[in-house]
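Per-entry structural report
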Amino acid sequence: MSVQEEQTVWVKAVSYGDLAVNTGKTIRYQGEEVALFKLSGGKLHAIQNRCPHKQGVLAEGIVCDEHVFCPMHDRKIHLPTGVVQKPDTGCVRTYPTKIQDGLVFIGFSKAEELAS
Ligand code: FES
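Small disclaimer: the values here were computed from a predicted structure and weren't measured.

Further remarks concern the pairing of strand β4 (residues 44–48). Within β4, 4 of the 5 residues are buried, leaving the element largely enclosed by the surrounding structure. As paired strands, strand β3 (residues 32–38) and β4 are joined by 5 bridges and run antiparallel to one another. Pairing of L36 across the sheet is with A46, part of β4. Here β3 hands over to β4 after 5 residues, with G42 in that stretch at a positive phi of 100 degrees. Summarising the sheet, β4 and strand β8 (residues 94–95) pair through 2 bridges and their orientation is antiparallel. Bridge pairing in β8 links A46 to Y95.

Here is the structure:
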């Protein structure tokens, strides 16, 4: 029998100063694709890069306040929660971020099997 434990792996993504405001940047790590955004107030948000509708690339979307509009069919996604706004439905995964020594790190969850 084994037990699964979620662990966060912090992956260095980009220099904070190199991120353009309100412009998405695609970050890839072990098969996962993340859209990273720096909002005009300086806050960071990282979400799954593919729209739940038809896989539009969210890093290429238009940012307005705390939302990104999918470039394909304009669905509106709330960056802090990943929730698609009404009248549409669905959500994308969100990722934690942190800044350390001027670098942006994204937290990826990895399930680790523990022997019991
Ligand atoms: S693919 Fe995003 S709204 Fe259709």
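Having seen the model, we can carry on.
Our focus in this paragraph is the sheet that holds strand β2 (residues 25–29). Within the open sheet, the 4 strands sit side by side as β2-β3-β4-β8. Their pairing is antiparallel. Unpaired on one side and paired on the other, β2 and β8 mark the two borders of the sheet. Direction of pairing for β2 relative to β3: antiparallel, over a ladder of 5 bridges. Directly across from K25, in β3, lies its bridge partner L36.

The subject of this paragraph is unusual backbone geometry. The omega angle of the peptide bond from K86 to P87 is 10 degrees, so this bond is cis rather than trans. Relative to the helices and strands, P87 resides in the loop between β7 (76–78) and β8. The phi angle at N22 is positive, at roughly 60 degrees, despite the residue not being glycine. On the neighbour-count criterion, N22 (14 C-beta atoms within 10 Å) is partly exposed.

With that out of the way, let us pick up the pairing of β3. Counting buried residues in β3 gives 5 out of 7 residues, a clear majority hidden from the surface. Hairpin connection between β2 and β3: a loop of 2 residues separates the two successive antiparallel strands, and Q30 in this loop has a positive phi of roughly 45 degrees.

Spatially, the 3 strands line up as an open sheet ordered β5-β6-β7, and their pairing is antiparallel. In this open sheet, the two strands that pair with only one neighbour each are β5 (62–64) and β7. Across the sheet, the mean angle separating the axes of adjacent strands is 30 degrees when strand polarity is ignored. Judged from the 3 bridges that link them, β5 and strand β6 (residues 67–69) form a sheet pairing that is antiparallel. By the bridge assignment for β6, C64 is matched with H67.

With that out of the way, let us pick up the nonpolar core. Grouped together as the largest cluster of nonpolar side chains are 21 residues, with contacts concentrated most on V34, L36, I47, L58 and I106. Of all the elements in the fold, those that place two or more residues in this core are β3, β4 and β10 (103–115). Broken down by element, the residue count for this core peaks at 4 residues, all from β3. Residues within four places of V34 in sequence aside, it is in contact with I27, A46, I47, Q48, N49, Y95 and I106.

Conventions and cut-offs
Residues numbered from 1 in each chain as written. Predicted model: local features only at pLDDT ≥ 70, side-chain atom pairs only at ≥ 80, totals over all residues. Buried ≥ 20, exposed ≤ 12 C-beta atoms within 10 Å, placed from the backbone. Helix = DSSP H or I, 4+ residues; strand = E, 2+ residues; numbered from the N terminus. Pairing = 2+ DSSP bridges. Axes fitted to C-alpha atoms, helices over the stretch in contact; angles between N-to-C directions. Core = buried A, V, L, I, M, F, W, Y, C linked by C-beta atoms within 7 Å. Contact = placed C-beta atoms within 7 Å.

Spatial relationships are all this shows, so hold off on functional conclusions.
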